[in-house]
Each structure stands twice: as C-alpha cells, then as structure tokens.
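# Structural overview
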Amino acid sequence: MGLFGKLKDGLSKTRNAISQQVDNLFKAFVKVDEELFEELEEALIMADVGALTSSYITETLRDRVKTKRIEDGNEVKEELKLIISEILNQQDTKVKLNTKPSVMLVIGVNGVGKTTTIGKLASKYKSEGKKVLLAAADTFRAAAIDQLDIWATRSGCDIIKHEEGADPAAVVFDAARAAKSRNADLLICDTAGRLHNKKNLMQELNKISRVLERELPGADREVVLVLDASTGQNALSQAKLFAEAADITAIALTKLDGTAKGGVVIAISKEQSIPVKFVGVGEGLEDLQEFDPEQFANALFD
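A word on a negative patch on the surface. On the surface, a cluster of negative charge is contributed by Glu35, Glu38, Glu39 and Glu42. Following the sequence through the fold, Glu35 ends up in helix H3 (residues 34–46).

This is the structure we're talking about:
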C-alpha cells in the first residue's frame, strides 16, 4: 500500500463521517437549495470541522454554487472538496530542516502520543540517511526519559539525557553541543507540555530557545505541537492555548486512523495560523506522514 493508500485507509472513519453523510445528503435532495446547505453545515459540524469553519465552508459553497449556477450534486461535491483543499493550502505545510544541524522542538500534553511521534520522526529521518540526535528535555516525568531512551535504541539514534528533574535547558545545551561535535543532521528535543501554567511553559521554552540561538545560530528550527485527533475540538483548544505560550511552526496530528474526528484538521488550518505538517494514520513507523493538503482532501472524499 502506497502513502496515499495508507492515508486513505487511515482516514476511513473520518471519511465515513464526512463523505458518506455528504453523499447521503445529495441523494436525499433533488435540487440544490437552502435546506441542503443547512444540512451540510450540520454534517460538517458533526464531523468536528467546527462551527466557525463549517459556516465558512457552507457560505463559500453557497456563493460559488450561485455564481457558477451549479445544479448538479456531483459538481457541488467537487466544489466542496476544492474549498476544503484551499483551506488546507492556506499555510505552508513544507517541513523546513535545511541546515546542518536543524532542530525540532516537540511539545504537547501527556497522552497525545508525543514521545511516540518523536520516535517515528527519528526513524523517518534516519531512514532518509540523516544522522539524528535525540534530547530528553522533558525532565519532569521519569517515564518520558525512559520512553525516549527506548525509541533511541529502536531507531538507532544517539540520545542526550540527564536525571529526572534536571533543568531542560541544560539538557538542550549538552545536546546542541553534541549535535555539533557529532556532526548530526537533526536534533529532536522532547520538551514538557504542561499547560496548567502557561507562564512556566513560556519561560522554559524561551530559555531553551535562547540556548539554541546561542549554540546553534542560524539553524532551521521547527517547533512541533503534537495533538491527538481523537479529542476533536479539544485539540483545537490546545492549539490555541499552546500558540499563546510558544511560537509553534508545525502541528503533528496523531491517531487519525482511530477516530471519526479528523475534520479537526480543517478547523485547525482555518482558525489557527499554524500549518499541519505531519499526520499519524496508523501504529507503524511509516504511518507518520508529512501532510499533503491535496492528498488529504482527496482521501476524505474518494
């Protein structure tokens, strides 16, 4: 199964929630009228596209149907797919890791799959021929350090770690120096994602950023927020809160294969100026994919 096949398979529950409902709507309505648009907006909201984004999509679709004088249900569906694709394309979804070394700071609350995502990212870039170094800078959970250590062994990557409770910036300092001395291509840092105190989180991330700017000046840096797609609108709320505390450049949306709430990708793309750059569509190492807006829109409807 190719990448698109895996994406399509992983999005089957979300596709059932959106595409099948849309198909059923068009079968139920003989003509394209106001009631159809109202039912469509409700179907999108139920698929966790969110009220604001669902309203925008429906309004835009209504205008285009009127302007283009579309009367055929299949053409309306194609126009809907086009609008969703346009929303997903509003942000630059390309991953920027062109310097040597480049840096990824990974944040997210416990339980979203943060450490697993780091492990998959490490395996992905290692398989592409990059020398990857991991930094266990989530020092507030012993389990986080142990988990990352297991992923380092599994993916064949070096890891820099301190004891539980150590200063995260000190771990990143040692890791940045190691990245230079070991000629690494990519440094991936696990960081704590405590949202109950945004001020502490902001201070910690700012301190880490200052260390990286001093030790690796000019290095490309992606700040990746890991979100669990199965939490639906809660993932959107987390994105808003983290965006207030950190300069997030990318979102990795995990567990898309286990949920019908994948429509939240559209809501995040529309309502936050943060691009989705990675999606997890399965348990395997290769099931964390770089996000492709067109493929995602096609996988939702085809």
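Okay, the nonpolar core next. Among the nonpolar cores identified, the biggest contains 101 residues, and Met104, Leu134 and Ile188 are the most heavily contacted of them. With seven residues, helix H8 (residues 168–181) is the largest single contributor of residues to this core. With near-sequence residues (within four places) excluded, Ile188 lies in contact with Met104, Val106, Ile118, Leu121, Ala122, Val132, Leu133, Leu134 and Ala135.

Right, let's get into the state of the cysteines. Disulfides are covalent bonds that link the sulfur atoms of two cysteine residues. Evaluated as defined, the whole model comprises zero disulfides. The cysteine Cys189 is free of any disulfide, with Cys157 supplying the nearest cysteine sulfur at 13 Å.

Once that is clear, we can look at the packing of aromatic side chains. This model, assessed by the stated rule, comprises one aromatic pair. The lysine or arginine in question, Lys124, covers the ring of Tyr125, its NZ or CZ lying 5.2 Å from the ring centre. One cation-aromatic arrangement involves Lys270 over Tyr56; the distance from NZ or CZ to the ring centre is 3.7 Å.

At their nearest, the axes of helix H2 (residues 12–28) and helix H12 (residues 293–301) sit 7 Å apart, and the two run at 70° to each other. Here H12 runs roughly perpendicular to H2, going by the angle between their axes. Residue-level inspection shows Thr14, Arg15, Ile18 and Ser19 of H2 in contact with H12, the latter providing Ala299, Leu300 and Phe301. A breakdown of the residues in the contact of H2 with H12 according to their chemical character gives four nonpolar, two polar and one charged.

Turning our eyes to something else, we now look at the side chain of Thr191. Position of Thr191 relative to the elements: it lies in strand E4 (residues 186–191). Given a relative accessible area of 0%, Thr191 falls into the buried group. A distance of 2.8 Å separates the side chain of Thr191 from the backbone oxygen of Val106, its partner in a polar contact. In this structure, Thr191 is in contact with Leu105, Val106, Ile107, Lys114, Ala137, Asp138, Leu205 and Ile208, ignoring residues within four places of it in sequence.

Let us look at the sheet that holds strand E7 (residues 276–280). Spatially, eight strands are ordered E3-E2-E4-E1-E5-E6-E7-E8 in an open sheet, and the strand pairing comes out mixed. In the strand order of this sheet, the two ends are held by strand E3 (158–160) and strand E8 (288–290), each with one partner. Direction aside, neighbouring strands of the sheet carry axes that sit 25° apart on average. Where strand E1 (residues 102–107) meets E4, five bridges bridge the pair, whose relative direction is parallel. Across the sheet, the residue bridging to Val103 is Leu187, located in E4. In this fold helix H7 (residues 142–155) packs onto strand E2 (132–137), E3 and E4, with an angle of close to 170° to the strand it touches most, E2. Against the sheet, helix H9 (residues 198–215) engages E1, E4 and strand E5 (221–228), with an angle of about 170° to E1.

Thresholds, definitions, all that
- Residues numbered from 1 in each chain as written.
- Predicted model: local features only at pLDDT ≥ 70, side-chain atom pairs only at ≥ 80, totals over all residues.
- Heavy atoms only, no water.
- Patch = residues over 30% accessible without salt bridge, like charges linked within 9 Å, V, L, I, M, F, W, Y side chains within 5 Å.
- Areas by Shrake-Rupley, 256 points an atom, 1.4 Å probe, with all protein chains shown as cover.
- Salt bridge = Lys/Arg side-chain N within 4 Å of Asp/Glu carboxyl O.
- Lys, Arg positive; Asp, Glu negative; His and termini not counted.
- Charge placed at Lys NZ, Arg CZ, Asp CG, Glu CD.
- Helix = DSSP H or I, 4+ residues; strand = E, 2+ residues; numbered from the N terminus.
- Core = buried A, V, L, I, M, F, W, Y, C linked by side-chain atoms within 4.5 Å.
- Buried < 20%, exposed > 50% of the residue type's maximum accessible area, 1.4 Å probe, protein only.
- Contact = heavy atoms within 4.5 Å.
- Disulfide = S-S within 2.5 Å.
- Phe/Tyr/Trp six-rings, centres within 6.5 Å; stacked < 30°, edge-to-face > 60°.
- Lys NZ or Arg CZ within 6 Å of the ring centre and 35° of its normal.
- Axes fitted to C-alpha atoms, helices over the stretch in contact; angles between N-to-C directions.
- Parallel < 35°, antiparallel > 145°, perpendicular 65-115°, else oblique.
- Nonpolar A, V, L, I, M, F, W, Y, C, P; charged D, E, K, R; others polar.
- Polar contact = N/O pair within 3.5 Å; in protein donor to acceptor, adjacent residues only side chain to side chain.
- Pairing = 2+ DSSP bridges.

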